Amino acid sequence: MIDPAKFTEEAVSRLRAEVPGKVIIAASGGIDSTVAALLTEKALGDRARAVFVDTGLLRAGEVERVRDFFRTSGLTFEVVPAADRFFAALLGVEDPEEKRRRIGTAFVRLFEAEAERSGADRLVQGTIAPDWIESGGALRDTIKTHHNVGGIPADMRLTLVEPLRDLYKDEVRALARHLGVPEAERQPFPGPGLAVRVNGPVTPERVRRARIANAIVEEEIERAAAAKTIARPWQYFAVLLPVRTVGVLGDNRVYGEAVSVRAVESIDAMTATSMALPRAVLSRIAERITRELSGEVVRVLYDVTDKPPATIEWE
Ligand code: XMP
């Protein structure tokens, strides 16, 4: 485990030595990139500009939450609306690795344009150790191409700066607490967003369903954790499956979709254990998802698989 104060001091001097000019920061609002952004701001001040991309693949309320935080953080930042561009890039794509590559490329093209606008030649990312280990770094097999590692096109015109490259999630959390990041314990959310929680085709309609299902899972699990019915899981979410299934709505047959709910315990995401959630919590989640997405989602499943053999996300 790192010493957060010492790491901060060293990272700031490394950044000052490494970056002579301006940078832009790929800020997703997640803990990793927020910590990377705050370290960069400490080191470079207004030579750094954070860019938050609204991909159209974010969780409910996320754009507002991130904007509010950045406003109080002292960072120079910009919110770039780009949902149309990401949906166009994902049109007709079902393969998870291809999704990550398309998303990685769309991000990089956008950051290149933003960098050109501010005269920057470097891109700061919040990449952490599991991102590159699982992307096949250091002679390992590729498990998933994390969009911010293997998803980067070879012809990218920006030099990468990755101040958290050697850290694990629990270390980044310690750093986040040290730097005063609110919600340092917030659960992780994958950079490719809801695109990897919509198995099969990624359309605005299917992303909307996944967004609503994810919000319900978060609300119900956080409610149960606040009431001390359960310990708050390390990560908890919903996945829209590429399956059509029959249900009933009133007197009518409906042919809808299915959602899988997942809640896991983990320390650093390298391994994970599926949590045994109480039946009452699961039933309430299933009831709300099928009611709030009435006729669209007609079946809810619970994923009891550990990592390994599964991964945490489905894609
Ligand atoms: P897996 O599914 O590989 O996930 O067991 C491990 C952790 O990483 C998150 N994850 C990602 N994060 N880009 C990210 O920034 C990605 O492409 C990506 N894929 C998975 C996942 O949510 C879990 O916390």
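Quick notes on the rules
Residues numbered from 1 in each chain as written. Predicted model: local features only at pLDDT ≥ 70, side-chain atom pairs only at ≥ 80, totals over all residues. Heavy atoms only, no water. Helix = DSSP H or I, 4+ residues; strand = E, 2+ residues; numbered from the N terminus. Expected span 1.5 Å × (residues − 1). Buried < 20%, exposed > 50% of the residue type's maximum accessible area, 1.4 Å probe, protein only. Arc of directions from axis to C-beta. Contact = heavy atoms within 4.5 Å. Pairing = 2+ DSSP bridges. Axes fitted to C-alpha atoms, helices over the stretch in contact; angles between N-to-C directions. Salt bridge = Lys/Arg side-chain N within 4 Å of Asp/Glu carboxyl O. Near = heavy atom within 4 Å. Polar contact = N/O pair within 3.5 Å; in protein donor to acceptor, adjacent residues only side chain to side chain. Areas by Shrake-Rupley, 256 points an atom, 1.4 Å probe, with all protein chains shown as cover.

What follows is about helix 3 (residues 62-73). Quick reminder: α-helices carry 3.6 residues per turn. Residues three or four places apart thus point the same way. For helix 3, with 12 residues, the first-to-last C-alpha span of 16 Å sits near the 16 Å given by 1.5 Å per residue. Turning to helix 3, its buried residues are Glu62, Val63, Val66, Phe69 and Phe70. The buried residues of helix 3 occupy one face: seen down the axis, they fall within an arc of 135 degrees. Turned more than 90 degrees away from the buried face of helix 3 sit Arg71 and Thr72, all of them exposed. Looking at the buried side of helix 3, the elements it contacts are helix 2 (31-44), strand 2 (48-54) and strand 3 (77-81). After helix 3 finishes, the residue Gly74 shows a positive phi value of roughly 85 degrees.

Strand order in the open sheet formed by 5 strands is 3-2-1-4-5, and the pairing between neighbours is parallel. In this open sheet, the two strands that pair with only one neighbour each are strand 3 and strand 5 (159-161). Across the sheet, the mean angle from the axis of one strand to that of its neighbour is 30 degrees, orientation sign disregarded. In terms of strand pairing, strand 4 (residues 122-124) meets strand 5 through 3 bridges, oriented parallel. Looking across to strand 5, one finds that Arg122 is bridged to Thr159. This element, helix 5 (residues 96-118), spans strand 1 (23-26), strand 2, strand 3 and strand 4 of the sheet and lies at about 145 degrees to strand 2.

Within the secondary structure, Leu75 is located in the loop between helix 3 and strand 3. What makes Leu75 buried here is its relative accessible area of 7%. Linking Leu75 and Asp166, residues 91 residues apart in sequence, is a C-alpha distance of 24 Å. In contact with Leu75, not counting residues within four places along its chain, are Ile25, Ala37, Leu38, Glu41, Ala50 and Phe70.

So, on to the pattern of salt bridges. In this structure the tally under the stated criterion is 35 salt bridges. A salt bridge links Glu10 to Lys6, with the shortest nitrogen-to-oxygen separation between them at 3.6 Å. With Glu10 and Lys6 both in helix 1 (residues 4-18), this residue pair falls 4 residues apart, about one helical turn. The network of salt bridges with shared partners includes Arg59, Glu62, Arg65, Glu183, Arg186 and Glu218.

This next bit is on the site of the ligand. In the neighbourhood of the ligand, 16 residues make up the surrounding shell, with Arg100, Lys144, Lys307, Ile312 and Glu313 lying closest. Here an oxygen atom of the ligand sits 3.1 Å away from a polar atom, N or O, in the main chain of Gly191. Take Lys307: an N or O atom from its side chain is 2.7 Å from an oxygen atom of the ligand. Protein burial of the ligand: of its 490 Å² of free accessible surface, 92% is covered by the chains.

Mapped onto the secondary structure, Asp155 falls in the loop between helix 6 (129-134) and strand 5. Considering only alpha carbons, one finds Asp155 and Val108, 47 residues apart in sequence, at a separation of 9.9 Å. Sequence-distant contacts of Asp155, defined by excluding residues within four places in its chain, comprise Arg109 and Glu112.

Put simply, Lys307 and Pro308 share a cis peptide bond, and its omega is -15 degrees. Position of Pro308 relative to the elements: it lies in the segment after strand 9 (297-302). For the peptide bond that leads from Pro308 to Pro309, omega is 15 degrees, which places it in the cis range. Of note, Pro309 is situated in the segment after strand 9. The backbone of Lys228 sits at a positive phi, close to 65 degrees, despite the residue not being glycine.

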